[in-house]
Amino acid sequence: AQSVTQLGSHVSVSEGALVLLRCNYSSSVPPYLFWYVQYPNQGLQLLLKYTSAATLVKGINGFEAEFKKSETSFHLTKPSAHMSDAAEYFCAVRTRGGNEKLTFGTGTRLTIIP
Amino acid sequence: GAGVSQSPSNKVTEKGKDVELRCDPISGHTALYWYRQSLGQGLEFLIYFQGNSAPDKSGLPSDRFSAERTGGSVSTLTIQRTQQEDSAVYLCASSLQGMMFFGEGSRLTVL
């Protein structure tokens, strides 16, 4: 069965510093991969998705992620953190050709230090 | 509506009572999903609808949980004889062509 593992349930970075949130997937075939963000008391919002076109995917709010098959990873990065980036981030995977059900990681809470 | 709408946004109930949570998906979205988000945990898949049928209900945790969808639109998640461990945020999502959109969730607290 496919799954994703997010390393680090809590990450803190200083404002202006690099943001790196880690996600590794487990799937027998290259899957579709997603990053979602959840702000307090809100639903999930799609940041970006990988569907087999370019391996470097750019999303909203300056975030990007790189699909690395050799490392089975899809880490999320942003060059310079902003206070408004404080939220919970979820990596998710979906099997190609199956129904559109997403399997989510346990999430990483990002805190920005002023 | 413009987005996925869920009601109620908050529900406090006593142990043993039944609750109904409603999801109104984005118009035209054929697929609808229910997820549960418990404190400190990720999102747990409950059930998936394609139209009015549920080809995947593998995530429903017990027979106290059921869901239906009518007219290919509104869905209701029903929890019977609620238990304290049912306390969570229940998220609904709808999708079209692989793009999934979430509602803001219904926070259920079972006392």
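Residues numbered from 1 in each chain as written. Chains lettered and ligands numbered in written order. Predicted model: local features only at pLDDT ≥ 70, side-chain atom pairs only at ≥ 80, totals over all residues. Heavy atoms only, no water.

Asks: What is the right way to read the overall build of chain A from this model?
Replies: Tallying secondary structure elements over chain A gives zero helices and 11 strands in all. N-terminal to C-terminal, the α/β element order of chain A is β-β-β-β-β-β-β-β-β-β-β. Taking 13 Å as the expected radius of gyration for a compact globule of 114 residues, we find that chain A reaches 13 Å, a close match to that expectation. By principal-axis analysis of the C-alpha atoms, chain A measures approximately 45 × 30 × 20 Å. For chain A, buried positions account for 45% of its 114 residues. Of the roughly 5400 Å² that chain A leaves accessible, carbon and sulfur atoms contribute 52%. A distance of 7 Å separates the average location of the 10 positive side-chain charges in chain A from that of its 7 negative side-chain charges. (Helix = DSSP H or I, 4+ residues; strand = E, 2+ residues; numbered from the N terminus. Rg over C-alpha atoms; globule rule 2.2 N^0.38 Å. Buried < 20%, exposed > 50% of the residue type's maximum accessible area, 1.4 Å probe, protein only. Areas by Shrake-Rupley, 256 points an atom, 1.4 Å probe, with all protein chains shown as cover. Lys, Arg positive; Asp, Glu negative; His and termini not counted. Charge placed at Lys NZ, Arg CZ, Asp CG, Glu CD.)

Asks: Help me understand the interface of chain B and chain A in this model?
Replies: The accessible area lost on association of the parts is a frequent measure of interface size. Across the boundary between the two partners, chain B contributes 21 residues, which contact 18 residues of chain A. For the chain B and chain A pair, buried surface summed over both sides reaches about 1500 Å², with 52% attributable to carbon and sulfur atoms. Inspection of the chain B/chain A interface yields one salt bridge. In this structure, K101 of chain A engages D56 of chain B in a salt bridge whose closest nitrogen and oxygen atoms are separated by 3.0 Å. Summed over the shared surface of chain B and chain A, the number is four residue pairs in polar contact (both at pLDDT 80 or more). Here the side of chain B that touches chain A takes four residues from strand 4 (residues 31-37) of chain B, the largest share from any one element. Taken together, the residues of the side of chain B that touches chain A sort by class into 10 nonpolar, eight polar and three charged. (Contact = heavy atoms within 4.5 Å. Buried area = accessible area lost by both parts, 1.4 Å probe. Salt bridge = Lys/Arg side-chain N within 4 Å of Asp/Glu carboxyl O. Polar contact = N/O pair within 3.5 Å; in protein donor to acceptor, adjacent residues only side chain to side chain. Nonpolar A, V, L, I, M, F, W, Y, C, P; charged D, E, K, R; others polar.)

Asks: Explanation requested: the confidence of the model for chain A in the structure shown.
Replies: In low-pLDDT regions, the fine details of the predicted coordinates are not to be read closely. Predicted confidence across chain A gives a mean pLDDT of 91, with 98% of residues reaching 70 or more. Here strand 10 (residues 103-104) of chain A is the element of chain A with the lowest mean pLDDT, 91, and strand 2 (residues 10-14) of chain A is the one with the highest, 97. (pLDDT = per-residue confidence, 0-100.)

Asks: Please clarify how the pattern of salt bridges should be interpreted in this entry.
Replies: It is possible for side chains of opposite charge to pair when their charged atoms get near one another. Tallying each qualifying case throughout the model produces seven salt bridges over all chains. A salt bridge links R109 of chain A to E88 of chain A; the nearest nitrogen and oxygen atoms lie 2.8 Å apart. With R109 of chain A in strand 11 (residues 108-113) and E88 of chain A in strand 9 (residues 87-94), this residue pair connects regions lying 21 residues apart in the sequence. Residue R109 of chain A is classed as partly exposed on the basis of its relative accessible area, which comes to 37%. Since its relative accessible area comes to 14%, E88 of chain A is described here as buried. Here E44 of chain B and R36 of chain B are joined by a salt bridge, their closest N and O atoms 3.0 Å apart.

Asks: Is there a simple way to explain the sheet that holds strand 3 (residues 19-26) of chain A in this structure?
Replies: As a general point, the strands of a sheet are linked pairwise by backbone hydrogen bonds and lie either parallel or antiparallel. Residue and element names in this part refer to chain A. Taken in spatial order, the five strands line up as 1-3-8-7-6 in an open sheet, and their pairing is antiparallel. Since the sheet does not close on itself, it has two edges, and those belong to strand 1 (3-7) and strand 6 (56-58), each with one partner. Ignoring strand direction, the axes of neighbouring strands in this sheet form an average angle of 20 degrees. With three bridges connecting them, strand 6 and strand 7 (residues 64-68) associate as antiparallel partners. The residue bridging L56 from the neighbouring strand is E66, located in strand 7. (Pairing = 2+ DSSP bridges. Axes fitted to C-alpha atoms, helices over the stretch in contact; angles between N-to-C directions.)

Asks: Even after reading the chapter, I still don't get the environment of E100 of chain A, so can you show me in this structure?
Replies: Along the chain, E100 of chain A turns up in the loop between strand 9 and strand 10. Between the C-alpha atom of E100 of chain A and that of N41 of chain A, which follows or precedes it by 59 residues, the distance is 25 Å. Residues within four places of E100 of chain A in sequence aside, it is in contact with R94 of chain A together with A31, Y33, S95, Q97, G98 and M100 of chain B.

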